[in-house]
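Per-entry structural report
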Amino acid sequence: MDQRSQERQSLWQVTATVPSYPPLTASVQTSVAIVGAGISGLTTAYYLAKAGIAVVVVDDGPVGGGETGRTTAQLTCILDKGYAETRRLRGDAGAQAAAASHRAAIDAIEQIIATEKIECDFMRIDGYLFLAADDDISTLKTEYEAAYEAGLTDVRLVDAMPLGNTAFGPALHFPNQGQFHILRYLNGLCQAIERMGGQIYCNTRINQVHGGTPTRLETADGLQITADVSVLATNAPINDFLGYSSRVFAHRTYVIGVRIPRGSIAPLLAFDTADPYHYVRLHVEDDHAVLIVGGEDHRTGQPEELAAPFAALEQWTREYFPMAEEVMYRWSGQVLNSLDGLALIGPDLVDEHVFVITGDTGMGMTHGTLGGIILADLIMGRPHPWAALYDPARLPLGAAGEVLSETVSTIAQAKEWFSGGDVDSVNEIPDDSGGVIGMGPAKTAVYRDAQGTLHYCSAVCTHTGCIVGWNDVEKSWDCPCHGSRYDAFGRLLNGPAKDDLGPAKPIAE
Ligand code: FES
């Protein structure tokens, strides 16, 4: 069984099939080993294979079965942190390079689609940044000036988005953005990689990453992948994550897909200025359209303030889009936010023969594509003009406050080692729910399934030992420290952990 099969399926997973590849069955040697068959890993493989370099891609699940399949597949240069904040953190040149690189990423996707003749519903559309209900027009004016200075001279401040709905106020209009069906796109990438000689293996988990020359990856089955260089395109790097724990922070984000009549609104991308923000796009099927709305983000494992994210999204959607009919899809995803809103792309923090792509900060499609563009050059020994902007080793000085608040939030989780569990007895756990019982490292994560049967595993995260907590919205065990997640039975869903939760003895009722 796919380890992620318990999670709610995204619209992309329901409406497309991805190619299936067998697991690796023998040790292999190659030039570049890539871990992760999402957009980052496959784009890197595509550009390297196109340059005649031997590549082997492995993934612990199916193609696009990680966070790539859980995106909303928006292609935009509307930065997660905005241009004013990016300029404060990375200077004028940094904001300009961020704008240019994200535009180039959309162009690159369009180019690949044309070259490989990929049918994936790609279209160029307008993007908008609109005022949240309690925000002030000065936010948009500041952002307009910063975006213009960053080189986006075609951005305009408009009175309203073209939705015919006065509930939306003024907005910044970013022309020539894009959207596509991500899994249909990955399908085309896989075919191109195979045609150019690349190898792809699924359901192959990497347990150990050894740097040096050559690099060596060890699979859970004891096989080896030996390569001149390795690329970790796994959302959260699966090598020593601690160096990244002060640079990227895991958040959950939630998405609903609501049926609306075809033609009731024009395709567009829209983001509001709230924190956390809402994001909106349209997907059109033969006889109906699906309005995709996301948001309600929170630190993974720390959802105290958020009891019902899907209900909150639905309420927001019905308020702004009165044509909304039934909710067809509900899904969620894991976003790794970086300190300055830009991804970490380049050599690993400790080994120059290992490369990483992480910290997508809600812009996984463009950042993942940039990862492939930049790493292909670096791996081939060519400097890349955006390598410094995305260097994983950077620590933006202006982000000290954010480092402090995120680190305090992580350290605060250590209290769980010295406190009791969140329930005293398994009798307190309702059906299809979970609770943590016990003290310190003896804590047990107990799940009572829908039939009332109890399932036990250790509550100690296999990454570096924080205590997991029950996530009743997604029916999972989530680690509040660095974002690892496990299904209700303790099977790994999201790294940086590489192993399932350990076993635990049953507890008397
Ligand atoms: Fe690091 Fe759990 S993810 S301790």
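The structure reproduced in this document is the subject of the present report. (Residues numbered from 1 in each chain as written. Predicted model: local features only at pLDDT ≥ 70, side-chain atom pairs only at ≥ 80, totals over all residues. Heavy atoms only, no water.)

Considerations on the state of the cysteines
According to the stated counting rule, one finds one disulfide in the structure shown. Note on cysteine connectivity: Cys466 is disulfide-linked to Cys481, with sulfurs 2.0 Å apart. Between Cys466 and Cys481 the disulfide shows an S-S torsion of about -85 degrees. By sign, it is left-handed. One end of the pair, Cys466, is in the loop between β20 (454-458) and β21 (469-471); the other, Cys481, is in the loop between β22 (476-478) and β23 (485-487), and 15 residues separate them in sequence. Considered together, Cys466 and Cys481 belong to a single accessibility category, that of buried residues. (Disulfide = S-S within 2.5 Å. Helix = DSSP H or I, 4+ residues; strand = E, 2+ residues; numbered from the N terminus. Buried < 20%, exposed > 50% of the residue type's maximum accessible area, 1.4 Å probe, protein only.)

Here we look at the side chain of Asp377
For Asp377, the location among the structural elements is in helix α7 (residues 364-379). In this structure the side chain of Asp377 is engaged in a polar contact, spanning 2.8 Å, whose partner is the side chain of Arg382. Setting aside residues up to four positions removed in sequence, Asp377 forms contacts with Arg382, Pro383 and His384. (Polar contact = N/O pair within 3.5 Å; in protein donor to acceptor, adjacent residues only side chain to side chain. Contact = heavy atoms within 4.5 Å.)

What about the pairing of strand β6 (residues 171-179)?
Taking burial as the measure, the nine residues of β6 include eight buried ones, the bulk of the element. Summarising the sheet, strand β3 (residues 74-75) and β6 pair through two bridges and their orientation is antiparallel. By the bridge assignment for β6, Leu75 is matched with Gly178. Bridge analysis of strand β5 (residues 156-158) against β6 gives three bridges, and the strand direction is antiparallel. Across the sheet, the residue bridging to Leu157 is Leu172, located in β6. (Pairing = 2+ DSSP bridges.)

Description of the environment of Ile78
By the element assignment, Ile78 lies in the loop between β3 and α3 (82-116). A C-alpha to C-alpha distance of 8.9 Å links Ile78 and Gln177, two positions 99 residues apart in sequence. Other than its neighbours up to four places away in sequence, Ile78 contacts Gly127, Tyr128, Leu129, Phe174, Gln177, Phe271 and Met363.

With respect to the pattern of salt bridges
Taken as a whole and assessed by the stated rule, the structure comprises 21 salt bridges. Ionic pairing is found between Glu85 and Arg88, a salt bridge with its closest N-O pair at 2.9 Å. Here Glu85 and its partner Arg88 are both found in helix α3, three residues apart, which amounts to about one turn of the helix. With relative accessibility at 25%, the residue Glu85 sits in the partly exposed group. Among the ionic pairs, Glu326 bridges to Arg259, the shortest N-O distance being 3.1 Å. (Salt bridge = Lys/Arg side-chain N within 4 Å of Asp/Glu carboxyl O.)

Observations concerning the packing of helix α2 (residues 39-50) against α3
Two numbers describe a pair of packed helices, the interaxial angle and the distance between the axes. The N-to-C vectors of α2 and α3 enclose an angle of 60 degrees; their axes lie 13 Å apart at closest approach. The orientation of α2 relative to α3 falls into the category oblique. Of the two elements, α2 crosses α3, and the hand of that crossing is left-handed. Every residue of α3 that contacts α2 at Tyr46, Tyr47 and Lys50 is listed here: Ala108, Ile112, Thr115 and Glu116. Per-class residue counts for the contact of α2 with α3 are four nonpolar, one polar and two charged. (Axes fitted to C-alpha atoms, helices over the stretch in contact; angles between N-to-C directions. Parallel < 35°, antiparallel > 145°, perpendicular 65-115°, else oblique. Left-handed = near helix turned anticlockwise from the far one by under 90°. Nonpolar A, V, L, I, M, F, W, Y, C, P; charged D, E, K, R; others polar.)

Section: unusual backbone geometry
Most peptide bonds are trans, and most residues other than glycine sit at a negative phi. With an omega of -5 degrees, the peptide bond running from Thr213 to Pro214 counts as cis. In this structure, Pro214 sits in the loop between β8 (206-210) and β9 (215-219). Here Asp121, not a glycine, exhibits a phi torsion of approximately 60 degrees, which is positive. Structurally, Asp121 is set in the loop between α3 and β4 (123-130). The partly exposed category is assigned to Asp121, whose relative accessible area is 39%. Of note in this structure, Asp432 is not a glycine but carries a positive phi near 55 degrees. Of note, Asp432 is situated in the loop between α8 (400-411) and β18 (433-437).

Topic: the sheet that holds β21
Strand order in the open sheet made by the four strands is β21-β22-β23-β24, with antiparallel pairing throughout. Bordering the open sheet on either side are β21 and β24 (492-494), each of which pairs with just one other strand. Between one strand axis and the next, the sheet turns by 35 degrees as a mean value, whatever way the strands run.

A closer look at α7
With 16 residues, α7 should reach 22 Å at 1.5 Å per residue; the first-to-last C-alpha distance of 21 Å fits that figure. Among the 16 residues in α7, 15 count as buried, and that is most of the element. Of the residues one or two after α7, Gly381 is the one with positive phi, at around 80 degrees. (Expected span 1.5 Å × (residues − 1).)

A look at the packing of aromatic side chains
Applying the stated rule across the entire model yields 15 aromatic pairs. An angle of 45 degrees between the planes, with centres 5.0 Å apart, marks the rings of Phe180 and Tyr185 as tilted. Taken as a pair, Phe180 and Tyr185 share a single burial class, namely buried. Seen in terms of ring centroids, Trp316 and Tyr320 are 4.7 Å apart; in terms of plane orientation they differ by 40 degrees. Their pairing is tilted. (Phe/Tyr/Trp six-rings, centres within 6.5 Å; stacked < 30°, edge-to-face > 60°.)

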